[in-house]
Amino acid sequence: MAVLDVVKAGHPVLKQVAEPVEHVNKKLRALIDDMAETMYKTEGVGLAAPQVAVSKRIIVVDDQAGSGLIALINPEITHAEGSQVGPEGCLSVPGYFGDVERFNKITVKGIDPHNKKVTIKAEGFLARIFQHEIDHLEGHLFIEKATNLRLIARNCLIIILYVLSLWEHQTFLFPL
Ligand code: NI
(Lines give C-alpha, C1' and ligand atoms only; values in the text may rest on other atoms or scores of the structure.)
Protein backbone atom coordinates (compact mmCIF):
# COMPACT_ATOMS: atom_id res chain seq x y z
CA MET A 1 0.00 0.00 0.00
CA ALA A 2 1.16 3.49 -0.76
CA VAL A 3 -0.06 7.04 -0.61
CA LEU A 4 -0.22 8.38 -4.16
CA ASP A 5 0.30 11.92 -5.42
CA VAL A 6 -2.98 13.71 -6.10
CA VAL A 7 -2.84 15.79 -9.28
CA LYS A 8 -4.20 19.31 -9.17
CA ALA A 9 -6.53 21.32 -11.43
CA GLY A 10 -4.68 22.20 -14.62
CA HIS A 11 -3.33 18.66 -15.11
CA PRO A 12 -4.68 17.35 -18.44
CA VAL A 13 -5.69 13.93 -17.02
CA LEU A 14 -8.45 15.67 -15.03
CA LYS A 15 -10.08 16.80 -18.30
CA GLN A 16 -10.04 13.39 -20.00
CA VAL A 17 -12.99 11.02 -20.17
CA ALA A 18 -11.66 8.00 -18.26
CA GLU A 19 -11.56 4.55 -19.90
CA PRO A 20 -13.87 1.74 -18.74
CA VAL A 21 -12.22 -1.22 -17.00
CA GLU A 22 -12.80 -4.58 -18.71
CA HIS A 23 -11.60 -6.76 -15.87
CA VAL A 24 -10.30 -5.87 -12.42
CA ASN A 25 -6.99 -7.72 -12.05
CA LYS A 26 -4.51 -7.91 -9.19
CA LYS A 27 -2.68 -4.81 -10.40
CA LEU A 28 -5.87 -2.73 -10.42
CA ARG A 29 -6.84 -4.08 -6.99
CA ALA A 30 -3.46 -2.81 -5.72
CA LEU A 31 -4.24 0.57 -7.30
CA ILE A 32 -7.65 0.58 -5.54
CA ASP A 33 -5.96 -0.17 -2.19
CA ASP A 34 -3.54 2.71 -2.79
CA MET A 35 -6.41 5.02 -3.75
CA ALA A 36 -8.22 4.15 -0.50
CA GLU A 37 -5.08 4.75 1.54
CA THR A 38 -4.54 8.08 -0.25
CA MET A 39 -8.15 9.12 0.42
CA TYR A 40 -7.86 8.35 4.14
CA LYS A 41 -4.43 9.98 4.51
CA THR A 42 -5.65 13.19 2.87
CA GLU A 43 -8.91 13.20 4.88
CA GLY A 44 -10.99 12.97 1.73
CA VAL A 45 -14.35 11.25 1.48
CA GLY A 46 -13.90 10.19 -2.14
CA LEU A 47 -11.23 9.82 -4.80
CA ALA A 48 -11.38 9.07 -8.52
CA ALA A 49 -8.54 7.35 -10.42
CA PRO A 50 -7.89 10.38 -12.69
CA GLN A 51 -6.94 12.27 -9.52
CA VAL A 52 -3.95 9.93 -9.18
CA ALA A 53 -3.21 10.34 -12.90
CA VAL A 54 -4.83 7.04 -13.96
CA SER A 55 -7.48 7.59 -16.62
CA LYS A 56 -9.70 4.63 -15.68
CA ARG A 57 -13.26 4.48 -14.40
CA ILE A 58 -12.52 3.64 -10.76
CA ILE A 59 -13.68 5.49 -7.65
CA VAL A 60 -13.35 5.01 -3.90
CA VAL A 61 -15.80 6.54 -1.44
CA ASP A 62 -16.23 6.66 2.34
CA ASP A 63 -18.65 9.24 3.72
CA GLN A 64 -17.09 8.84 7.20
CA ALA A 65 -20.63 8.58 8.50
CA GLY A 66 -21.26 4.86 8.20
CA SER A 67 -20.91 3.94 4.52
CA GLY A 68 -17.52 2.31 5.06
CA LEU A 69 -15.13 1.98 2.15
CA ILE A 70 -16.85 1.53 -1.20
CA ALA A 71 -14.71 0.86 -4.28
CA LEU A 72 -16.68 0.97 -7.49
CA ILE A 73 -15.51 0.30 -11.03
CA ASN A 74 -17.34 1.58 -14.12
CA PRO A 75 -19.92 3.37 -11.94
CA GLU A 76 -23.06 4.42 -13.74
CA ILE A 77 -26.01 6.35 -12.36
CA THR A 78 -29.13 4.48 -13.44
CA HIS A 79 -31.70 6.44 -11.46
CA ALA A 80 -31.69 9.92 -9.95
CA GLU A 81 -34.31 12.02 -8.21
CA GLY A 82 -34.75 15.15 -6.13
CA SER A 83 -32.16 17.83 -5.61
CA GLN A 84 -29.88 19.12 -2.90
CA VAL A 85 -27.53 22.09 -2.74
CA GLY A 86 -24.50 21.91 -0.47
CA PRO A 87 -20.81 22.69 -0.10
CA GLU A 88 -18.11 20.66 -1.84
CA GLY A 89 -14.36 20.71 -1.98
CA CYS A 90 -11.92 18.58 -3.96
CA LEU A 91 -8.47 17.15 -3.25
CA SER A 92 -7.47 18.34 -6.74
CA VAL A 93 -8.59 21.91 -5.97
CA PRO A 94 -7.08 22.41 -2.52
CA GLY A 95 -8.53 25.09 -0.29
CA TYR A 96 -11.57 25.88 -2.43
CA PHE A 97 -15.16 25.20 -1.49
CA GLY A 98 -18.36 26.00 -3.32
CA ASP A 99 -22.04 25.13 -3.34
CA VAL A 100 -23.13 22.55 -5.90
CA GLU A 101 -26.60 21.36 -6.84
CA ARG A 102 -26.84 17.55 -7.02
CA PHE A 103 -29.51 14.88 -7.18
CA ASN A 104 -30.64 13.93 -3.70
CA LYS A 105 -31.18 10.22 -4.32
CA ILE A 106 -29.39 8.03 -6.82
CA THR A 107 -28.94 4.42 -7.81
CA VAL A 108 -25.42 3.57 -8.99
CA LYS A 109 -24.43 0.39 -10.76
CA GLY A 110 -20.95 -0.95 -11.39
CA ILE A 111 -18.61 -3.76 -10.42
CA ASP A 112 -16.68 -4.28 -7.22
CA PRO A 113 -12.92 -5.04 -6.99
CA HIS A 114 -13.72 -8.75 -7.49
CA ASN A 115 -15.66 -8.16 -10.72
CA LYS A 116 -19.02 -8.74 -9.08
CA LYS A 117 -21.94 -6.61 -10.25
CA VAL A 118 -23.22 -4.26 -7.57
CA THR A 119 -26.10 -1.82 -7.22
CA ILE A 120 -25.91 0.89 -4.59
CA LYS A 121 -28.67 3.23 -3.50
CA ALA A 122 -27.45 6.45 -1.92
CA GLU A 123 -28.97 9.67 -0.72
CA GLY A 124 -27.87 12.97 0.77
CA PHE A 125 -24.14 13.37 1.33
CA LEU A 126 -23.22 9.89 0.06
CA ALA A 127 -25.16 10.55 -3.16
CA ARG A 128 -23.30 13.85 -3.48
CA ILE A 129 -19.91 12.12 -3.18
CA PHE A 130 -20.79 9.58 -5.90
CA GLN A 131 -21.90 12.35 -8.28
CA HIS A 132 -18.73 14.36 -7.60
CA GLU A 133 -16.47 11.32 -8.23
CA ILE A 134 -18.35 10.23 -11.35
CA ASP A 135 -17.94 13.79 -12.69
CA HIS A 136 -14.16 13.27 -12.37
CA LEU A 137 -14.49 10.24 -14.69
CA GLU A 138 -16.16 12.51 -17.26
CA GLY A 139 -13.36 15.07 -17.01
CA HIS A 140 -15.30 17.56 -14.90
CA LEU A 141 -14.37 19.39 -11.70
CA PHE A 142 -16.89 20.73 -9.17
CA ILE A 143 -15.62 24.29 -9.73
CA GLU A 144 -17.28 24.22 -13.17
CA LYS A 145 -20.72 24.02 -11.54
CA ALA A 146 -20.15 25.58 -8.11
CA THR A 147 -21.62 28.86 -7.01
CA ASN A 148 -20.22 30.99 -4.20
CA LEU A 149 -16.73 29.54 -4.71
CA ARG A 150 -14.47 30.53 -1.82
CA LEU A 151 -10.92 29.92 -0.69
CA ILE A 152 -10.58 28.68 2.87
CA ALA A 153 -7.05 28.42 4.24
CA ARG A 154 -6.30 25.09 5.87
CA ASN A 155 -5.95 26.54 9.37
CA CYS A 156 -9.30 28.34 9.00
CA LEU A 157 -10.85 25.09 7.82
CA ILE A 158 -9.58 23.21 10.86
CA ILE A 159 -11.19 25.86 13.11
CA ILE A 160 -14.48 25.66 11.17
CA LEU A 161 -14.49 21.85 11.39
CA TYR A 162 -13.74 22.03 15.12
CA VAL A 163 -16.60 24.45 15.76
CA LEU A 164 -18.97 22.36 13.62
CA SER A 165 -17.94 19.21 15.48
CA LEU A 166 -18.86 20.89 18.76
CA TRP A 167 -22.22 21.88 17.38
CA GLU A 168 -23.17 18.71 15.55
CA HIS A 169 -21.35 15.86 13.83
CA GLN A 170 -20.68 17.30 10.37
CA THR A 171 -18.50 15.90 7.65
CA PHE A 172 -19.59 17.90 4.63
CA LEU A 173 -16.54 20.15 4.47
CA PHE A 174 -14.16 17.30 3.75
CA PRO A 175 -12.79 17.32 0.21
CA LEU A 176 -14.14 14.85 -2.30
NI1 NI B 1 -12.79 15.82 -6.40
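Residues numbered from 1 in each chain as written. Predicted model: local features only at pLDDT ≥ 70, side-chain atom pairs only at ≥ 80, totals over all residues. Heavy atoms only, no water.

(A) Up close: the overall build of the chain. Tallying secondary structure elements over the chain gives three helices and eight strands in all. Counting from the amino terminus, helix and strand elements in the chain follow one another as α-β-β-β-β-β-β-β-α-β-α. Across the 176 residues that make up the chain, the buried fraction comes to 51%. A sequence separation of at least 24 residues applies to 67% of the contacts in the chain between residues at least 6 apart. (Helix = DSSP H or I, 4+ residues; strand = E, 2+ residues; numbered from the N terminus. Buried < 20%, exposed > 50% of the residue type's maximum accessible area, 1.4 Å probe, protein only. Contact = heavy atoms within 4.5 Å.)

(B) Fine view of unusual backbone geometry. The backbone phi angle of N74 is positive, close to 55 degrees, even though this residue is not glycine. Inspection of the secondary structure puts N74 in strand β3 (residues 70-81). Phi at N148 is positive, roughly 55 degrees, even though this residue is not glycine. For N148, the position within the fold is in strand β8 (residues 147-151).

(C) Structural detail: the pattern of salt bridges. The tally for this structure, following the rule as stated, stands at seven salt bridges. For R102, the salt bridge goes to E88, with nearest N and O atoms at 2.8 Å. Pair noted here: R102 is in strand β5 (residues 96-102) and E88 is in strand β4 (residues 84-88), with a separation of 14 residues, a long-range link. For the pair formed by R102 and E88, the shared burial category is buried. The partner of E88 in a salt bridge is R128, and the shortest N-O contact between them spans 2.7 Å. Here E88, found in strand β4, pairs with R128, found in helix α2 (residues 124-137); they are 40 residues apart in sequence, far enough to count as distant. (Salt bridge = Lys/Arg side-chain N within 4 Å of Asp/Glu carboxyl O.)

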